[in-house]
Amino acid sequence: MITLKSPREIETMRRSGKITAAVLGELMQAVQPGMTTRDLDELAERGIRSRGGEPTFKGYRGFPASICTSVNAEVVHGIPGDYTLREGDLLSIDIGTTYEGYVSDSAVTVPVGAVGAEAARLLDVTQQCLMLGIEQMQVGKFVGDIGAAVQAHAEGQGYGVVRELVGHGVGRAMHEEPQVPNYGKAGSGPALRPGLVLAVEPMITQGDRQVDIHKDGWTVVTTDGMLAAHFEHTIAVTLAGPRILTLREIGEHPDAEKYRNHR
Ligand code: MG
Ligand code: MG
């Protein structure tokens, strides 16, 4: 069942999203060669709790940390630990906050130090995919319009679109209906109505789109070992257009500002 959120609920989700955005911004600024992914996780948990939130991921189906950290060929769901970040790595950070009972969910992929031109292009295109998906979130359109826009851009740039993992509705639970694939047919799927809140999260691969699950039971990796990137926002569909509830002060695509929630 798809639940639509009231303006008041969306406002609470925006406050949740502000915590997620602020902490993710702090993590992006903290990332540097020599730190471990566990260091980032500790920073994230402190950042969320000090702002009155709870880390949604911690304990979710037994997940042991407050963020997911996925490096290079890891696509999503990497577990923070002893891994020491190296110059040239691509690091995906996925973070969720629960605040007053409402979840916000956001992710970015960032370069660790300087990265090669091909890696930088993958990041740019994946962030563009997210923006193109958000642009589709207008009343009168459909969930399939989001995936179609993401897929057309990624594949047009020669990249793969992961099929096994998808975006989702978000609200009192992290994963609500509907599923939001990053591929599909324009005009298909559930209608986008005011009050629908979705986590849109393109997962894009440099090579083939096939993925495997690591033996830790969580980390999703590209089968061919090539790079992957992941960007995510929590966005509300409103009569005034899409509103990004997890908009950051740093590292956003220039188009994101149009979708700022002014309430
Ligand atoms: Mg996420
Ligand atoms: Mg998500």
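Now for a quick tour of the structure. (Residues numbered from 1 in each chain as written. Chains lettered and ligands numbered in written order. Predicted model: local features only at pLDDT ≥ 70, side-chain atom pairs only at ≥ 80, totals over all residues. Heavy atoms only, no water.)

Notes on the nonpolar core
Residues Leu40 and Leu91 are the most contacted members of the largest nonpolar core, which totals 39 residues. If one sorts the elements of this core by residue count, helix H1 (residues 7–30) sits on top with six residues. Those residues within four positions of Leu91 in sequence are excluded, and the remaining contacts are Val31, Thr37, Leu40, Thr69, Ser70, Val71, Leu85, Val108, Thr109, Val110 and Val112. (Core = buried A, V, L, I, M, F, W, Y, C linked by side-chain atoms within 4.5 Å. Buried < 20%, exposed > 50% of the residue type's maximum accessible area, 1.4 Å probe, protein only. Helix = DSSP H or I, 4+ residues; strand = E, 2+ residues; numbered from the N terminus. Contact = heavy atoms within 4.5 Å.)

Observations concerning the coordination of the magnesium ion (ligand 1)
Listed as protein donors to the magnesium ion (ligand 1) are Asp94 (OD), Asp94 (OD), Asp105 (OD) and Glu232 (OE); their distances from the metal cover 2.0 to 2.6 Å. We classify Asp105 as buried; its relative accessible area is 3%. On the accessibility criterion, Glu232 (0% relative accessible area) is buried. (Donors = N, O, S within 2.8 Å, 3.2 Å for Na, K, Ca; no water.)

Describing unusual backbone geometry
Pro178 follows Glu177 through a cis peptide bond whose omega is 0°. Positive phi, normally seen in glycine, also occurs at His77, with a value near 70°. Residue position: His77 is located in the loop between strand E3 (74–76) and strand E4 (90–99). The partly exposed category is assigned to His77, whose relative accessible area is 27%.

Overview of the sheet that holds strand E10 (residues 203–205)
The sheet built from three strands is open, its strands ordered E6-E10-E13 with antiparallel pairing. Of all the strands in the sheet, just strand E6 (160–161) and strand E13 (228–230) have a single pairing partner and so form its edges. In the sheet, E6 pairs with E10 via two bridges, with the strands oriented antiparallel. Bridge pairing in E10 links Val161 to Ile204. Where helix H3 (residues 117–135) meets the sheet, it contacts E10 and E13, and its direction lies at approximately 35° from that of E13. (Pairing = 2+ DSSP bridges. Axes fitted to C-alpha atoms, helices over the stretch in contact; angles between N-to-C directions.)

Section: the coordination of the magnesium ion (ligand 2)
The coordination sphere of the magnesium ion (ligand 2), as far as protein atoms go, consists of Asp105 (OD), His168 (NE2), Glu201 (OE) and Glu232 (OE), spread over 2.1 to 2.3 Å. Each donor residue of the magnesium ion (ligand 2) lies on the same chain, and together they follow the pattern D-x62-H-x32-E-x30-E. Between the magnesium ion (ligand 2) and the magnesium ion (ligand 1), the interatomic distance is 3.2 Å, and Asp105 donates to each metal, bridging them. Placement of the pair is Asp105 in strand E5 (residues 102–111) and His168 in strand E7 (residues 167–169), with a sequence separation of 63 residues.

Re the pairing of E4
The element E4 is largely enclosed, with a buried count of ten among its ten residues. Burial of the side chains of E4 extends over both faces: Leu90, Ser92, Asp94, Gly96 and Thr98 are buried on one face and Leu91, Ile93, Ile95, Thr97 and Tyr99 on the other. Two elements, strand E1 (residues 54–55) and E4, share two bridges in a ladder whose sense is antiparallel. If you follow Glu54 over to E4, its bridge partner there is Thr98.

Let's talk about helix H2 (residues 37–50)
The end-to-end C-alpha distance of H2 is 20 Å, a good match for the 20 Å that 14 residues give at a rise of 1.5 Å each. Among the structural elements, H1, E1, strand E2 (67–71) and E4 are those in contact with the buried residues of H2. At the exit of H2 stands Gly52, carrying a positive phi of roughly 90°. (Expected span 1.5 Å × (residues − 1).)

Quick look at the pattern of salt bridges
Scanning the model with the defined rule gives eleven salt bridges in all. Of the charged contacts, one joins Arg121 and Glu118 as a salt bridge, the two residues approaching to 3.7 Å between their closest N and O atoms. Remark: Glu118 and Arg121 occur in helix H3; sequence separation between them is three residues, near one turn of the helix. When its relative accessible area of 30% is taken as the criterion, Arg121 is described as partly exposed. (Salt bridge = Lys/Arg side-chain N within 4 Å of Asp/Glu carboxyl O.)

Things to note about the side chain of Ser106
By the secondary structure assignment, Ser106 is in strand E5. Given a relative accessible area of 1%, Ser106 falls into the buried group. A distance of 2.8 Å separates the side chain of Ser106 from the backbone oxygen of Glu232, its partner in a polar contact. Filtering out sequence-adjacent residues up to four positions away, Ser106 remains in contact with Thr20, Leu24, Ile93, Asp94, Ile95, Glu232, His233, Thr246 and Arg248. (Polar contact = N/O pair within 3.5 Å; in protein donor to acceptor, adjacent residues only side chain to side chain.)

Digging into the packing of aromatic side chains
Going through the model one piece at a time under the given rule, you end up with one aromatic pair. Ring geometry for Phe63 versus Trp218: centroids 5.0 Å apart, planes at 80°, classification edge-to-face. Of the two residues, Phe63 is situated in the loop between E1 and E2 and Trp218 in the loop between strand E11 (211–213) and strand E12 (220–222); the sequence distance between them amounts to 155 residues. A relative accessible area of 22% means that Trp218 is categorised as partly exposed. Lying over the aromatic face of Tyr183, Arg163 brings its terminal NZ or CZ to 4.7 Å of the ring centre. (Phe/Tyr/Trp six-rings, centres within 6.5 Å; stacked < 30°, edge-to-face > 60°. Lys NZ or Arg CZ within 6 Å of the ring centre and 35° of its normal.)

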